[in-house]
Amino acid sequence: MNDLHKNIELIRKRIEKACFSCGRPVSEVALLLATKTIDAHTILKAFQLNALLIGENRVQEIVEKHELLLQVPHTTHLIGPLQSNKITKVIDKVQCIESIDNFELAKKINNKLLLKNANLNILIEVNTSGEKTKHGCTPDEVINLVMDISQLKYLHIKGLMTIGTLTDDKTEIRRCFKLLKSISQKIENEHFEGVAMDVLSMGMSDDFEIAIEEGATEVRIGSSIFGKRTI
Ligand SMILES: *Cc1c(COP(=O)(O)O)cnc(C)c1O
């Protein structure tokens, strides 16, 4: 077995173990490979191991890898911030944008989708850590944002995404994930038309087991599978 194969198997085992220890079915947690800076040929090798859900941070990388990756049916999510001048480039190449955090951006995407008569799934990114450098709307803004975006015909809210605080303090990391879960429950209770809270995208290489314990349905793993990045 090569490293990629071993690493994916190991992560799958750890996901299984985390699910088992908190009594959740493994089928509830999807593994998304965070493929920023990873070349298309390596990603194709991961596809061979049936890891078919990838997340990219930059539109440019999605565009560059798109054609080569097309030979294998797979799913691509945008997990990094989106600038409005790149909307057209990306909306026909991804199945979900996980980083929606303001209404202006959502409206612009919706307008572009209208022209193509296409639909797109999105997640609302929430800044649960409170760190100023992080993207995402504030926990206080989420309900109103979801309500406003639910009016946009071509966008379908499927859940929430967050990045936990970058720290060794497990209590603080857990607080972020608990917060995202509780916000999703509040939104569910509102029964907004056309809004689902099926997806909680949270947890990365260093904290995905905690995220699973707190209800993650999708974990985004990069360096534990592909090795440390230089950027
Ligand atoms: C890079 C990245 C990940 C994966 O992080 P690792 O620590 O390498 O597993 C997950 N989510 C987002 C938004 C990222 O940018």
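Residues numbered from 1 in each chain as written. Predicted model: local features only at pLDDT ≥ 70, side-chain atom pairs only at ≥ 80, totals over all residues. Heavy atoms only, no water.

### So, the pairing of strand β4 (residues 96-100)
Part 1 of the reasoning: Burial analysis of β4 places five of its five residues in the buried class, which makes it a mostly covered element.
Part 2 of the reasoning: Bridging between strand β3 (residues 75-78) and β4 involves two bridges; their strand directions are parallel. Counted as the bridge partner of L78 is I97 from β4.
Part 3 of the reasoning: As defined by bridge partners, β4 adjoins strand β5 (residues 120-125) across three bridges and the pair is classed as parallel. By the bridge assignment for β5, I97 is matched with I122.
Part 4 of the reasoning: On the question of chirality, the crossover connecting β4 to the parallel β5 by way of helix α5 (residues 103-116) is right-handed. (Buried < 20%, exposed > 50% of the residue type's maximum accessible area, 1.4 Å probe, protein only. Helix = DSSP H or I, 4+ residues; strand = E, 2+ residues; numbered from the N terminus. Pairing = 2+ DSSP bridges. Right-handed = clockwise from strand over helix to strand, strands pointing away.)

### Observations concerning the pattern of salt bridges
Part 1 of the reasoning: Under the criterion given, the structure shown has 13 salt bridges.
Part 2 of the reasoning: The partner of K134 in a salt bridge is E131, with the nearest N and O atoms 2.5 Å apart.
Part 3 of the reasoning: For K134, a relative accessible area of 22% corresponds to the partly exposed category.
Part 4 of the reasoning: Of the charged contacts in the structure, one is a salt bridge between E213 and R174, with a shortest N-O distance of 2.9 Å. Taken together, the residues span a long stretch of sequence, with E213 in helix α8 (residues 208-213) and R174 in helix α7 (residues 170-190) at a distance of 39 residues.
Part 5 of the reasoning: Of the residues examined, R174 reaches a relative accessible area of 25% and is grouped as partly exposed.
Part 6 of the reasoning: Ionic contacts of the salt-bridge type, sharing partners, join the residues E56, R58, E61 and K65 into one network. (Salt bridge = Lys/Arg side-chain N within 4 Å of Asp/Glu carboxyl O.)

Shape descriptors only; they carry no functional weight alone.
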